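What follows is each chain in one-letter form.
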Amino acid sequence: MGLTYNTYLNSDKIYGCKNCKAHLANAHEIISRNFRGQHGKAYLFNTVVNVEAGAPSERNMTTGRHVVRDIQCRQCKDVVGWKYDRAYESSEKYKEGKFILEAELLCNVN
């Protein structure tokens, strides 16, 4: 399997895991701030780093049925959001392959 190394982002605003401060996403990768998660406010990101995705599962969400995977911080294993694998509604297809990070589970890393 080998060792896994964290990716370190270089940006003026970086979101990290609230628990261990591992870099997760660059603020410039935010597609939308108009999302809600289990813990409140959430952001849709184009790409994230230092996460591992769980098994896919179908979930009924506010915007319809989706196939998603919980994502956890690679360093401390805390769940920080989810990844959209599939959207059944044509108006929701833009989410496929994108990531949700929940604001309550993030911190600013500088």
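Above: the structure in question.
All values derive from a computational prediction rather than experimental measurement.

Student: How would you summarise a positive patch on the surface if you had to cite specific residues and measurements?
Tutor: A cluster of like positive charges, contributed by K13, R33, R36 and K41, occupies part of the molecular surface. We classify K41 as partly exposed; its relative accessible area is 46%.

Student: Hey, could you go over the nonpolar core for me, with residue numbers and the actual values?
Tutor: Most often, soluble globular proteins have nonpolar side chains that are buried together. Ranked by size, the top nonpolar core spans 16 residues in total, and within it Y15, F45, V80 and L101 carry the most contacts. Looking at this core, the elements that each hand over two or more residues are β1 (14-17), β2 (23-26), β4 (40-45), β7 (64-73) and β9 (99-102). Each residue touching F45, except ones within four places of it in the same chain, is listed here: Y15, A25, N26, E29, I30, I31, K98, F99 and L101. Of all hydrophobic cores here, the second largest spans seven residues; its members include F35, A42, L44 and W82.

Student: Tell me about unusual backbone geometry, and please be specific about residues and values.
Tutor: One can expect most non-glycine residues to show negative phi and most peptide bonds to be in trans. You will see that K21, though not glycine, has its phi angle at about 70°, which is positive. As for its placement among the helices and strands, K21 is situated in the loop between β1 and β2. According to the relative accessible area criterion, K21 is partly exposed, its value standing at 47%. Here the phi dihedral of N50 falls at roughly 60°; this positive angle occurs in a residue that is not glycine. Inspection of the secondary structure assignment puts N50 in the loop between β4 and β5 (51-53). A residue is classified by how much of its surface remains accessible, and N50, at 3% relative accessible area, is buried.

Conventions adopted
- Residues numbered from 1 in each chain as written.
- Predicted model: local features only at pLDDT ≥ 70, side-chain atom pairs only at ≥ 80, totals over all residues.
- Heavy atoms only, no water.
- Patch = residues over 30% accessible without salt bridge, like charges linked within 9 Å, V, L, I, M, F, W, Y side chains within 5 Å.
- Areas by Shrake-Rupley, 256 points an atom, 1.4 Å probe, with all protein chains shown as cover.
- Salt bridge = Lys/Arg side-chain N within 4 Å of Asp/Glu carboxyl O.
- Lys, Arg positive; Asp, Glu negative; His and termini not counted.
- Charge placed at Lys NZ, Arg CZ, Asp CG, Glu CD.
- Buried < 20%, exposed > 50% of the residue type's maximum accessible area, 1.4 Å probe, protein only.
- Core = buried A, V, L, I, M, F, W, Y, C linked by side-chain atoms within 4.5 Å.
- Helix = DSSP H or I, 4+ residues; strand = E, 2+ residues; numbered from the N terminus.
- Contact = heavy atoms within 4.5 Å.

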